[in-house]
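Below are the chains, spelled out letter by letter.
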Amino acid sequence: MTPITPYHYLVLSAALFMLGVIGVMTRRNIIIIFMSIELMLNAVNINLAAFSQQLHNAVGQVFAIFVVAVAAAEAAIGLGIILAFYRNKETLNIDEMNILRW
Amino acid sequence: MDVIAFYIFAAIAVVASVLVVGQKNPMHSVMLLITSFGALAGLYVLLDAPFTAVTQIIIYAGAIMVLFLFVVMLLNVPREEPAPPAVSALLGPTGIRIGVILSLLLGAEIVWALSRIGLGWFPQDPAAASVSSVALIGASLFTRHAFAFEATSVLILVAMIGAVVLARREH
Amino acid sequence: MPPGFSSSDFYYLMPELVITAGALLVLALDVLLPRAWERVLSWVTVAVILGAGLALVPSAGQNLTIARDLVAIDGFATFFKVLFLVAAALTVLMSPRYLTLENVHPGEYYFLVLCATLGMMFMAGGVDLITLFIGLETMAVSFYVLTGIIRPNKRSNEAAIKYFVLGAFSLGLLLYGMSILYGLTGSTHLRVIATSLVAGDGGLLLPFAVMLLVAGIGFKIAAVPFHMWAPDVYEGAPTPITAFLSVGSKAASFAMLLRIFVAGLPAFRADGLGTAWGQPFGWGAFFYVLAVVTMTVGNLAALTQGNIKRLLAYSSIAHAGYILIGIVAGSTRGVSAALVYLMIYAFMQLGAFAVVVMLRRKDIIGDELKDLTGLYATHPGAAIAMLVFMLSLGGIPPTAGFMGKFWVFGAAIDAGYVWLAVIGVLNSAVSLYYYIRIVVFMWISEEEEKSAAFGISPAVATVLAVTLAMTVLLGIYPRLLFDFAQASAASLGSVPSLGLR
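Residues numbered from 1 in each chain as written. Chains lettered and ligands numbered in written order. Predicted model: local features only at pLDDT ≥ 70, side-chain atom pairs only at ≥ 80, totals over all residues. Heavy atoms only, no water.

(A) Structural context of the overall build of chain B. A count of helices and strands for chain B gives six helices and zero strands. Along the chain direction, N to C, the helices and strands of chain B fall in the order α-α-α-α-α-α. Once local pairs closer than 6 in sequence are excluded, the contacts in chain B between residues at least 24 apart make up 51%. As presented, chain B carries roughly 8800 Å² of accessible surface, and 75% of it is formed by carbon and sulfur atoms. (Helix = DSSP H or I, 4+ residues; strand = E, 2+ residues; numbered from the N terminus. Contact = heavy atoms within 4.5 Å. Areas by Shrake-Rupley, 256 points an atom, 1.4 Å probe, with all protein chains shown as cover.)

Here it is in structure tokens:
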């Protein structure tokens, strides 16, 4: 069997990234959209860790830790925003977020 | 052995992610995302990054996803209504159609970009020392990247205050 | 192991430290002060910003990196920090009465404004992808909350959600591009990336990464086709925050753009990313297309708007296009043109939004064009100011806006991009239509209903006076600004190599 190269990880992260993008573009429920964004950020982390291992460089993993920390902060805010919105309008469907129109 | 482990974890991650994006029940989506993160943590271990793996489990799966779970249960998030029967889920209203096309375009670009690199581009060098030790990462974090580390503390403070501002009950 | 900070680091980081301490101070005062003393908070915030401005003085004329090479103290960073502090101060001055009307707790608001400013300052000074990313997120998260801070208001909520989703999505794109850059060079530092990336590295990975970076930053500067969030968010957010967003966030994102592309990928401007139709292209080509499309769509869309905030949103999208022209023109002249334009744009935009803030009264939201009617009769001073701002935005001499456009189009022609300048001038002409339309509304008097008379708070009056003065001054005597910008742009070219380690 071929040994696992960073190329394999690159393909995997690309797949996860794509899934995240598709999720953001096509789903209507805002919580699922947000989870897809988290998926995208994880794909970035896989990239960073794989490159870090191949380059024998700790910077990649440090960057990955920062990404995780930032993702946590963003998750807190994002869910807070969603909560605030829900309290006002009782929906989580982005099709119904249409007060601001053309 | 490593190879088989990679494929198993990768398969779990991808399948779980497809289901997260594809299936209708939000509670199941959260659980599946946790599974995916767990598989990714396994991959980090394979990549000689145990600290990142542990961080992934503790923070991502353990804190962020639990937060998601709280919100999903608090808001009683309903299942997404299925698309109208005449139209399949992929080819829905114009917005979704454009979204799907754009995503597929991005996907095609990624595939094309990756296919032009070829497997041989990243040379393997198993003899070199690994960088995984927590000591190494810690040293880097507190010396080379100390500024970014301190700056992140402000970000986290902002997130805390912001979350309270947005989500507290108004009297 | 040497420590992460040294004493000289603190010396040069004083502005950021002052802002951080000030933010915490404001938060603490919010808790400690009795309700009646709320007004004090805005003064404290302005004082903090002025203090940070003073702390910026030692950085003038320097060209070095601190904090172990993560942050640069050079003319470029100083220019932008001045811009951010000015924008923040004017925003805070605009806010007090608006906040009282909207029933928003001022303490947290000012705290978030200061933290957003802090994030912007990191974005201007960072020379490492990690620092830029942290700065970007600090600013972005502060703005997400600020956009949605009027809790009972549905438009505010919706604006916050839209901004958040698209902002987080663009962050994902940006990070993926950054991770590839790291993978190809082994470092996240812009200097290392600039010197070690060679055309052809990693096959098609590099162009792909560059495209992702363009997309990610394109969202933040609201370039077409990544502009979808801007009109909605600008309309729904509290007006002072819209002003701050359209000036501060945009300028900070441009600073980041310039750092990453001009300082970090200088070899790839004109070629190196591959060939299309026989012509080699670089990221300059991406921004060329972006500039043309952004200007055109922004201007055309603004023609039909009835809501002032949406109109100004589309107009600011168009202005981002003009700034991109300067970036495409490249070289020190082009970049300095972009910087000049950003500074001038800051004053015009803040002034225009100050007038919109003024229109918000007890029962009237004051967003629509029809709320402007009769402004000349009731508040001639404000109407004249708005007239000047509109002329400036449209690029009529002798206002500063004309100077900005002159400089940008001149740089483009100088660099050989004549068609780009022509499109810019045409767009400018088209934009005059909706700017003059606003002026016409102000001059029409309301016949019958006399809406309740309202006064301008002295704070807003100050903002109007300052922005008006700068708009006129910079139009008549732009030399100082030009020189400042030129020096700043020159320092960008060389990411400082005097690391203190």
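Now that the structure has been shown, the text picks up again.
(B) Structural context of the nonpolar core. Formed by 292 residues in total, the largest nonpolar core has its most connected members in Phe17(A), Phe80(C), Phe133(C), Phe143(C), Met178(C), Phe261(C) and Leu324(C). Take this core: its biggest share by element is 21 residues, from helix α14 (residues 331-358) of chain C. Looking at which domains feed residues into this core, each of domain 1 (2-123) and domain 2 (124-171) of chain B supplies at least three. When neighbours within four sequence positions are excluded, Leu324(C) is seen to be in contact with Ile221(C), Ala223(C), Phe254(C), Leu257(C), Phe287(C), Leu290(C), Ala291(C) and Thr294(C). (Core = buried A, V, L, I, M, F, W, Y, C linked by side-chain atoms within 4.5 Å. Buried < 20%, exposed > 50% of the residue type's maximum accessible area, 1.4 Å probe, protein only. Domains from an automatic or database assignment.)

(C) Focus on the interface of chain B and chain A. At the interface, 81 residues of chain B touch 70 residues of chain A. Buried surface at the junction of chain B and chain A, both sides included, amounts to about 6700 Å², of which 77% is carbon and sulfur. Between chain B and chain A we count zero salt bridges in total. Applying the counting rule to chain B against chain A returns seven residue pairs in polar contact (both at pLDDT 80 or more). Mapped by element, the contributors of at least two residues to the side of chain B that touches chain A are α1 (2-22), α2 (26-46), α3 (50-75), α4 (94-115), α5 (134-142) and α6 (146-167) of chain B. The element that contributes the greatest number of residues to the side of chain B that touches chain A is α3(B), accounting for 14 residues. Class assignment of the residues belonging to the side of chain B that touches chain A gives a composition of 55 nonpolar, 19 polar and seven charged. (Buried area = accessible area lost by both parts, 1.4 Å probe. Salt bridge = Lys/Arg side-chain N within 4 Å of Asp/Glu carboxyl O. Polar contact = N/O pair within 3.5 Å; in protein donor to acceptor, adjacent residues only side chain to side chain. Nonpolar A, V, L, I, M, F, W, Y, C, P; charged D, E, K, R; others polar.)

(D) Geometry of unusual backbone geometry. Residue and element names in this part refer to chain C. In this chain, Val 224 is followed by Pro 225 through a cis amide linkage whose omega measures 5°. Of note, Pro 225 is situated in the loop between α9 (205-221) and α10 (229-236). Put simply, Pro 397 and Pro 398 share a cis peptide bond, and its omega is 0°. In this structure, Asn 103 is a non-glycine residue whose phi angle is positive, near 65°. Mapping Asn 103 onto the fold places it in the loop between α4 (75-102) and α5 (106-125).

(E) Representation of the interface of chain C and chain B in the model. Taken together, the contact pairs 40 residues of chain C with 31 residues of chain B. Roughly 3100 Å² is buried in total at the junction of chain C and chain B, and carbon and sulfur atoms are behind 78% of that figure. On the chain C side of the interface with chain B, the three residues burying the most area are Arg151(C), Leu204(C) and Phe208(C), jointly 20% of the side's total. Inspection of the region where chain C meets chain B yields one salt bridge. In this structure, Arg168(B) engages Glu108(C) in a salt bridge whose closest nitrogen and oxygen atoms are separated by 3.1 Å. At the surface where chain C touches chain B, the tally comes to four residue pairs in polar contact (both at pLDDT 80 or more). Listing elements by their share of the side of chain C that touches chain B, those giving two or more residues are α2 (14-32), α5, α6 (129-147) and α9 of chain C. Among the elements that line the side of chain C that touches chain B, the one with the most residues is α6(C), at eight residues. Here the side of chain C that touches chain B is built from residues that sort into 24 nonpolar, nine polar and seven charged.

(F) Structural view of the pattern of salt bridges. All names here are of chain C. Tallied over the full model, the rule gives 10 salt bridges over all chains. Note that Asp 232 and Arg 310 form a salt bridge whose closest N and O atoms lie 3.0 Å from each other. Of this pair, Asp 232 sits in helix α10 while Arg 310 sits in helix α13 (residues 308-329), and the two are 78 residues apart along the sequence. Each member of the pair, Asp 232 together with Arg 310, is buried. Several salt bridges share partner residues, and in doing so they unite Arg 155, Glu 158, Lys 162, Asp 232, Glu 235 and Arg 310 into one network.

(G) How the structure looks around the packing of helix α3 (residues 59-89) of chain A against α6(B). Running from N to C, α3(A) and α6(B) cross one another at 15°; their axes reach a closest spacing of 9 Å. Taken together, the axes of α3(A) and α6(B) are roughly parallel relative to one another. The handedness of the crossing between α3(A) and α6(B) is left-handed. Contact with α3(A), carried on its side by Phe66(A), Ala69(A), Val70(A), Ala73(A), Ala76(A), Ile77(A), Gly80(A), Ile81(A), Leu83(A), Ala84(A) and Arg87(A), involves Ala148(B), Phe149(B), Thr152(B), Leu155(B), Val158(B), Ala159(B), Gly162(B), Ala163(B), Leu166(B) and Ala167(B) of α6(B) and no other residues of that element. Split into classes, the residues belonging to the contact of α3(A) with α6(B) amount to 17 nonpolar, three polar and one charged. (Axes fitted to C-alpha atoms, helices over the stretch in contact; angles between N-to-C directions. Parallel < 35°, antiparallel > 145°, perpendicular 65-115°, else oblique. Left-handed = near helix turned anticlockwise from the far one by under 90°.)

(H) Representation of helix α17 (residues 400-414) of chain C. All names here are of chain C. In a regular helix each residue adds 1.5 Å, so 15 residues correspond to 21 Å; α17 covers 21 Å between its end C-alpha atoms and thus fits that length. All of the buried residues in α17 are Ala 400, Gly 401, Met 403, Gly 404, Lys 405, Trp 407, Val 408, Phe 409, Ala 411 and Ala 412. A positive backbone phi angle near 100° is found at Gly 416, which sits one or two residues after α17. (Expected span 1.5 Å × (residues − 1).)

(I) A look at the confidence of the model for chain B. Mean pLDDT for chain B: 80, with 77% of residues reaching 70 or above. Overall, residues 123-127 of chain B carries pLDDT values under 50, and its contacts beyond four positions in sequence, including any with other chains, amount to five contacts. (pLDDT = per-residue confidence, 0-100.)

(J) Summary view of the packing of aromatic side chains. A complete count under the given rule lists 32 aromatic pairs over all chains for this structure. The structure contains a cluster of three or more aromatic residues connected by ring pairs, namely Phe34(A), Phe68(B), Tyr144(C), Tyr163(C), Phe164(C), Trp229(C) and Tyr234(C). The ring of Trp407(C) has Arg333(C) lying over it, and the distance from NZ or CZ to the ring centre is 5.0 Å. (Phe/Tyr/Trp six-rings, centres within 6.5 Å; stacked < 30°, edge-to-face > 60°. Lys NZ or Arg CZ within 6 Å of the ring centre and 35° of its normal.)

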